[in-house]
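Inside the fold
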Amino acid sequence: MIEKGSKVTVHYTGKLTDNEVFDSSTGKEPLEFTVGEGQLIPGFEQGVMGLNTGDKKTIELEPEQAYGPVREDLINEVPKQNLPEGVEVGQALQAQTEQGPVRVTVVELNEEIGKVDANHPLAGKKLIFDLEVVEVG
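Here we summarise the structure given alongside this text. (Residues numbered from 1 in each chain as written. Predicted model: local features only at pLDDT ≥ 70, side-chain atom pairs only at ≥ 80, totals over all residues. Heavy atoms only, no water.)

Section: unusual backbone geometry
Threshold: Only protein chains enter the accessibility calculation, which uses a 1.4 Å probe; a residue whose area is less than 20% of its type maximum is buried, one above 50% is exposed, and one in between is partly exposed.
The phi angle at N19 is positive, at roughly 70°, despite the residue not being glycine. A relative accessible area of 53% means that N19 is categorised as exposed.

Set out below in structure tokens:
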């Protein structure tokens, strides 16, 4: 049975509430992790607790159990001339901050200003995972 410290191997499919798949191990190697080491979002680790090899389960995670709510302080305006030429809305860029490089997504552009969002792309979203436990070590 999976508990804190268990080495776990699972196949998973991660979906949004509209059934759009954002990640899956289908056709790939299953995901391996040790429960309690904080390698994964908290709700995923909590969702496998108590399961055994061969168990299948669907878990639904609120944003607080996944990538957190959208933080408005992570959405910033920058002068358009500071953005790469030809940049488009939806494009991912890497920004340099005092804490090091950060991935941002361009969310708005006009003649003078670009708005960039440093939130995780799945922040603020409810996530659904279909899980199958392959092995518990």
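Some remarks on the packing of aromatic side chains
Quick reminder of the rule: Here a Phe, Tyr or Trp ring, Trp counted by its six-membered ring, pairs with any other such ring whose centre lies within 6.5 Å, and the pair is stacked when the planes are under 30 degrees apart, edge-to-face when over 60, and tilted otherwise. Under the DSSP-based scheme used, a helix requires at least four consecutive residues in state H or I and a strand at least two consecutive residues in state E, with every element numbered from the N terminus.
Within the structure shown, the criterion is met by four aromatic pairs. Ring centres of F33 and F44 lie 5.9 Å apart, and the angle between their planes is 70°; on these two criteria the pair is classed as edge-to-face. Here F44 lies in helix 1 (residues 42-48) and F33 lies in strand 3 (residues 31-34), a separation of 11 residues in the sequence. This pair shows no difference in class: F33 is buried, exactly as F44 is. Ring geometry for F44 and F129: centres 5.0 Å apart, planes at 85°, overall edge-to-face. One end of the pair, F44, is in helix 1; the other, F129, is in strand 9 (residues 127-136), with 85 residues separating them in the sequence. Owing to a relative accessible area of 4%, F44 belongs among the buried residues under this scheme. With relative accessibility at 5%, the residue F129 sits in the buried group. The structure contains a cluster of three or more aromatic residues connected by ring pairs, namely Y12, F22, F33, F44 and F129.

As for the environment of L83
Inspection of the secondary structure assignment puts L83 in the loop between strand 5 (75-79) and strand 6 (92-97). Spatially, the C-alpha atom of L83 lies 50 Å from that of N52, the residues being 31 residues apart in sequence.

Focus on the pattern of salt bridges
Inclusion rule: The working definition used for a salt bridge is a side-chain nitrogen of Lys or Arg within 4 Å of a carboxyl oxygen of Asp or Glu.
Tallied over the full model, the rule gives six salt bridges. Note that K126 is salt-bridged to E62, the shortest N-O span being 3.6 Å. A residue pair is termed long-range when its members are at least 10 positions apart, and K126 in the loop between strand 8 (113-117) and strand 9 and E62 in the loop between strand 4 (56-61) and strand 5 qualify at 64 residues. Residue classification places E62 among the partly exposed residues on the basis of a relative accessible area of 38%.

Some remarks on the side chain of S25
For clarity, the cut-off: Contacts: residue pairs with any heavy atoms within 4.5 Å of one another.
Note on placement: S25 falls in the loop between strand 2 (21-24) and strand 3. For S25, a relative accessible area of 2% gives the class buried. Setting aside its immediate chain neighbours within four residues, S25 contacts V10, H11, Y12 and P30.

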